[in-house]
Amino acid sequence: MTFEPPPEAFRAIFEQGPGNNLLLDRQLNIVAVSDAYLRVTMTTREQILGRYIFDVFPDNPDDAGATGVANLRASFESVLRDHRPDTVAPQKYAIPVPPEDGGGFEERYWSPVNSPILGSFGEVIYIVNRVEDITEYMRLKRAEDKEAERAERAEQHQSQLEIELFRRAEELAEANRNLRAADLAKSEFLSRMSHELRTPLTAVLGFGELLQLSDLSAEHQEWVATILRAGRHLLELLNDVLDIARVESGRLAMSVEPVSVSTLVDHTLEIVRPLAAKAGQVIEAHVETSRSSYLLGDLQRLRQILLNLMSNAVKYNTPAGKVTLAVTRIPGTGSTSAAAAEEAASSTPDRI
């Protein structure tokens, strides 16, 4: 069948009319085209008139998923068969780019409508292919979809963060409960152990006092006195353990009183010397104050500190070594008598 263009008047109206319109014969050859259609498809009349539409507008060979030709052909066949217009769903249909503009294919989105033109006997003699270029709309929609997707991901991320924060809060609450339970268990343990230790210690002190009343040599009497002093010091420490509230708050009450320096040193050495003798070590003391010198402080705390220092010195000293306790008066302070210390203690009870 040879190509026969439509009448001149019809062609002029069709070409200059509004809309992107293409006129096809029953063999889907292009017989007329509007100026607007040429502009949006980047073609000329000389290039496309008389040609098969899918030769002019093939699928992009580089796009394996392209369906433009198949969908458009199915629509044309529907129009020819049913003699009724057919609307094609908006779709991607790339168009060839002229070589002078770089060649290849340009991605476009179209909304096509194919309508029949019927002859005098009701047969389809032409098909009008009208298209709307919706490329920009689809790009904006894709951008909106991406933005919505990002917003959804952000919302999901926020939800995950909230869940994680809730889980962490639950873990922290559980950890706090465990800490409180452990703290309570520790308090109960210290209280119970201090009571348990007091029982045998009381027996030791009681029998030590009985030994003092017995007929012992002077040396043995001194040994018993040392045992009693050490035992009473341990008993005082146990009394502190019982006061859990003070221990855990870090505020142990100080009993400030005049403390004899010589007595403090003598009692400390008496307790430490047996430990040093067992380790083969010698204990020496160099006290640069008179035996009547006093200082203001808490006797129990001072004795505890001094005992800890001396015990560590013995423990970490070399075998058969020597441990020296030196007590030096700070220059300018002078000696303090018991009466002066007592007076200072009453005027400055927090002085240590």
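Note that the structure is a prediction, hence the values are computed from the model and not measured.

1. Examining the overall build of the chain
Summing up its helical and strand segments, the chain has eleven helices and twelve strands in all. A burial count over the chain gives 30% of its 352 residues as buried. Accessible surface, the chain as shown: approximately 22100 Å² in total, 57% of it carbon and sulfur.

2. Let's talk about the environment of V256
Turning to its location among the elements, V256 is positioned in the loop between α8 (244-249) and β9 (257-260). In this structure V256 comes out as buried when scored by relative accessible area, which is 18%. Remark: the alpha-carbon pair of V256 and G297, spanning 41 residues in sequence, is separated by 4.7 Å.

3. A short note on helix α5 (residues 68-82)
Between the first and last C-alpha of α5 there are 21 Å, a value that for 15 residues agrees with the 21 Å anticipated at 1.5 Å per step. Those residues of α5 lying buried are G68, V69, L72, S75, F76, S78 and V79. Following α5 by one or two positions, H83 adopts a phi angle in the positive range, close to 60°.

4. Focus on the pairing of strand β1 (residues 20-24)
Across the five residues of β1, five count as buried, placing the element largely inside the fold. Burial along β1 is two-sided: N20, L22 and L24 and N21 and L23, pointing in opposite directions, are all buried. Relative to strand β2 (residues 30-33), β1 is paired through three bridges, and the arrangement is antiparallel. Looking at the pairing, L23 lines up with A32 of β2. Hairpin remark: β1 followed by β2, antiparallel, with five residues in the connecting loop; positive phi at L28, about 65°.

About the criteria used
Residues numbered from 1 in each chain as written. Predicted model: local features only at pLDDT ≥ 70, side-chain atom pairs only at ≥ 80, totals over all residues. Heavy atoms only, no water. Helix = DSSP H or I, 4+ residues; strand = E, 2+ residues; numbered from the N terminus. Buried < 20%, exposed > 50% of the residue type's maximum accessible area, 1.4 Å probe, protein only. Areas by Shrake-Rupley, 256 points an atom, 1.4 Å probe, with all protein chains shown as cover. Expected span 1.5 Å × (residues − 1). Pairing = 2+ DSSP bridges.

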